[in-house]
Structure formats: C-alpha cells, structure tokens
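Below are the chains, spelled out letter by letter.
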Amino acid sequence: MTAHEPRPAADALLDLAAALDAADPLGAHLDAFVDAPGVHAYLDGNSLGRPLRVVPERLASFAREDWGTRLIRSWDEQWMALPMELGDRIGAIALGAAPGQTVVADSTSVLIYKLLRAAIPRDPARTEIVMERGNFPTDRFLVEGVAAETGTTIRWIDPDPVHGVQVADVVAVLSERTAVVSLSHVDYRSGALADMRAITAAVHDAGALMMWDLCHSAGVVPMQLDEWGVDLAVGCTYKYLNGGPGSPAFAYLRRSLQGVLRQPIQGWWSAADIFAMGPEYVPASDIRQLLSGTPPVTSMLAMQGMLDLIEQATIAAVREKSQALTDLAIRAYDEVLVPLGVRLLSPRDAAARGGHVTIGHPDFRAVTQRLWADGIIPDFRFPDGIRLGLSPLSTSYSETVRGVLAVRDALQQHG
Ligand SMILES: *Cc1c(COP(=O)(O)O)cnc(C)c1O
C-alpha cells in the first residue's frame, strides 16, 4: 500500500477504540473483573455478567465465617434483612426507588407471576392485560397463564420489531377495561428503549396499573421509578448486575400499593409476623409481603460487589459509556459489516436503545459457533440475530471493535 491509499477500516477502528479506551473515565474498573484466558471479546454481558475479582473471596469468607462460624445466628445477625437491604441498594443505585419498595427474591419468572397476579383482581370491570407480542417468552407465557387463571383477556401489541413499543401503540389498546399493562423497558432482541415515563403516564390516564420488566435495563439504563409513578417492576440480577447464574431477581412495588395488592404465593416469609407461627395467614403490609420462602442467601453474595462498583461509577456515567460503546459498535458495523449484507436490527439513535446492539444475517448461527470456538462471545438469537451485549464496566472499546471485526472475518470465512 502507498502512503496515499486510505488506511484499512479495521486499523482505523482499532486506533479509534484504543484512543477511547485511553480516555475512558471508567477504564480502571475493567480490572475489577476475573480474567478469562482465551476470551478475546466477551459480548454477552447482557445475558450473564462477568464475575468480579472480589467474588471468590466473598464466597469463601461467607462459607468460613458467616455460615461456618456464626451458623444459624447469621439469620438474625444479617440474613433476615438481606432481601430488603439488597432491594434498597438496587433501588437507590439503579432504579430511582426510595427505600422500602424493592426486594430481592425468587426468579424473574416467579416474580412476574406474583406481581401480575397481585395486579389483576383489583377491579372486576377491568378484565384486560396488555402485553407485547415480541416480549421475552417467559413474560408472554406467564401472562397467558395468569389470563387463563383469572378469566382475563390479553390485548396484544405488535410494535415495530426494531424500534419497539411506542406510546401510541399502548394508547391504541388502553380502555376502561385495562387492568394492567406489562412491558419490557429494553427489548431483549432489538435493544429498543421504551419511554417509561410517557407510557406509565398514559396507562395511569386510563386508570390501569403499569408493570415494567427491567431485565435488560437494570444496571445500565438509569430510570426514576418513584418519580415516574411506576406501580410494579421486576428485573434480573445476573445480567448487568453481575449476580452470577441463577442469582435471584428483584421486585418493586410502589409504597401506596403495599398492603393493598396481595400476591398469591403467601408463604411464611410474607406473613406479618414470621415467627408467630399462627393458625392463619396475615400478610405483611410492607414490601416483605412479596417474599414467599427462605431467601437464597448464597446467591445474593456476588451481586453486592457489582452494586458497589456501579455506585462508585454512578449509573449516569455507566449510561454515558454504554451509549458510546453501542455507537462505536454501530460505526464499526457500518464500515465492515454493511458491505457483507448484514442488517442492523437496533435503533440508530443512542437515546432510543439500551446496552446492546443486534445485527442480522442468515449465516449467523454458524458464524456464532465459529466465534465461540475462537473466544469471541456474543449471543445468537433466533432466527438470525447476533446480539452484541456491551456491559460498560467490564467491556472495553477495543474489545467491542475486535468483536465486530471477528464477526466480519467469520462471515467471510463462512461465505
Ligand atoms: C432474562 C429475562 C428473563 C429471565 O427470567 P428468569 O426467570 O430469570 O429465567 C425474563 N424476562 C426478560 C425480559 C429477560 O430479559
């Protein structure tokens, strides 16, 4: 190549990424995560966040001391309060929720059931649940089950698959029959970010309750549940909150609805007095009413380090880097993947998306297998999408570009 020829796009992108990494105010946090030898780009932080380096010692000292030495005394000393304490921390750091409205418990699926079921029988004239047809399967399946169980009807919304649910889509199906609207804040496929504030306001105008699934936004997209009047919400802790595989979920129930709504799995942990061991069930009137049985304490350890880290970095700074990472991924896509016929399945406007970018090509199933074997780890979503999940505290700009270039290389080798 002569000096007059433009530099290959790949080199320019890698240089740009290196410059962004050098200037990254959150860059120092990349070292807080466990090394993964042989992994050149981890682009699945939106499905399973990486463990922090503090996790192995935290688990070991828990087994040695809290459990091993304090034994059952630890329930009184710390574990009884843990679901509420962790909930309050998630609320403060990531959700814009004042204390006493968030608990950590169960799985997202179980909490969706409990909250939906709590929201339904409020008013017999309100017989419809609004749900989006492209929502995550568990959310749709649970709504189907709750509708069958309660004799309610599902009003499906069919939004644009790239841009996700808009306020007008919701307004079009609202009526005096709407009991509850249940939507995802960030679409698990496209990454489209719903306008939580405006949609919640529209749902309230119709006299219905609003429930948000925050699985793909908690820990990466800031929100103001209290200020925006959200009624109910659930979310995962193993995605952007790095709680580890199967770590319990969280649920938010607005204070004014506590003691008013009743959830269906009324185990002893949700009773007004846990140790009364009384003849009949009297529900707690505070947020503990959402618990059911003994909480999975061991599975609540790993997320604590990530909460510390997000608190230190601030969710606003995390969001800023998230938008810069997804912008860079789309720029790299434009330069090296558009020529290969790859489609962009996420919104181009950073303000309209969450933390991941999805691209599509008919060969992506085979391409993903090749990438995983080479230590480049995005995830594949049926039918032909690759999601690039960029978790701002653990993902570098260089890693992001390496990932997109690897997709290009694998696609060229495949074709
Ligand atoms: C990840 C995810 C879930 C997962 O639910 P589990 O009960 O943890 O398996 C549910 N809903 C959405 C929108 C998700 O992204």
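Remember, it's a predicted structure, so these values are computed and weren't measured experimentally. (Residues numbered from 1 in each chain as written. Predicted model: local features only at pLDDT ≥ 70, side-chain atom pairs only at ≥ 80, totals over all residues. Heavy atoms only, no water.)

**Considering the packing of helix α4 (residues 82-95) against helix α9 (residues 302-313)**
Running from N to C, α4 and α9 cross one another at 30°; their axes reach a closest spacing of 10 Å. It follows from the interaxial angle that α4 and α9 lie roughly parallel. Crossing hand, α4 versus α9: left-handed. Residues Leu82, Leu86, Arg89, Ile90 and Ile93 of α4 lie in contact with α9, whose contacting residues are Met303, Gln304, Leu307, Asp308, Ile310 and Glu311. When its residues are assigned to classes, the contact of α4 with α9 shows seven nonpolar, one polar and three charged. (Axes fitted to C-alpha atoms, helices over the stretch in contact; angles between N-to-C directions. Helix = DSSP H or I, 4+ residues; strand = E, 2+ residues; numbered from the N terminus. Parallel < 35°, antiparallel > 145°, perpendicular 65-115°, else oblique. Left-handed = near helix turned anticlockwise from the far one by under 90°. Contact = heavy atoms within 4.5 Å. Nonpolar A, V, L, I, M, F, W, Y, C, P; charged D, E, K, R; others polar.)

**Digging into the environment of Leu405**
Mapping Leu405 onto the fold places it in helix α12 (residues 397-414). Note: C-alpha distance between Leu405 and Tyr333 (72 residues apart in sequence) is 8.7 Å. Not counting residues up to four positions away in its chain, the partners in contact with Leu405 are Ala10, Leu14 and Val336.

**Observations regarding the sheet that holds strand β2 (residues 102-105)**
Spatial strand order, β2-β8-β7-β6-β5-β3-β4: seven strands in an open sheet with mixed pairing. Each end of this open sheet is capped by a strand with a single partner; those strands are β2 and β4 (153-157). Within the sheet, the average angular offset between the axes of one strand and its neighbour, ignoring direction, is 20°. Relative to strand β7 (residues 232-235), strand β6 (residues 209-213) is paired through three bridges, and the arrangement is parallel. Residue Met211 lies in a different strand from β7, and its bridge partner there is Leu232. Sheet strands in contact with helix α8 (residues 196-205) are β5 (178-184) and β6, and its direction is about 150° off that of β6. (Pairing = 2+ DSSP bridges.)

**So, empty space enclosed by the protein**
All told, the structure shown has two cavities of 30 Å³ or more when counted by the stated rule. The calculated volume of the largest cavity comes to roughly 50 Å³. Lining of the largest cavity is provided by Glu132, His163, Gly164, Val165, Ser184, His185, Asp187, Ala192, Leu193 and Ala194. A per-class count over the lining of the largest cavity returns four nonpolar, four polar and two charged. (1 Å grid on protein atoms, 1.4 Å probe; cavity = no way out; pocket = protein on both sides within 12 Å on 5 of 7 lines; lining within 4 Å. Points joined across faces, edges and corners; volume = space filled by probe spheres on them.)

**Digging into the domain arrangement of the chain**
For the chain, the domain assignment lists domain 1 (9-52 + 314-414) and domain 2 (78-310). Computed over C-alpha atoms, the centres of domain 1 and domain 2 are 29 Å apart. Contact residues are listed per partner, giving 31 residues for domain 1 and 26 residues for domain 2. Buried surface at the junction of domain 1 and domain 2, both sides included, amounts to about 2300 Å², of which 62% is carbon and sulfur. The largest share of the area that domain 1 buries against domain 2 comes from Leu52, Ile315 and His356, three residues that together contribute 22% of it. Taken together, the links from domain 1 to domain 2 amount to zero salt bridges. Applying the counting criterion to the domain 1 and domain 2 interface returns 13 residue pairs in polar contact (both at pLDDT 80 or more). (Domains from an automatic or database assignment. Buried area = accessible area lost by both parts, 1.4 Å probe. Salt bridge = Lys/Arg side-chain N within 4 Å of Asp/Glu carboxyl O. Polar contact = N/O pair within 3.5 Å; in protein donor to acceptor, adjacent residues only side chain to side chain.)

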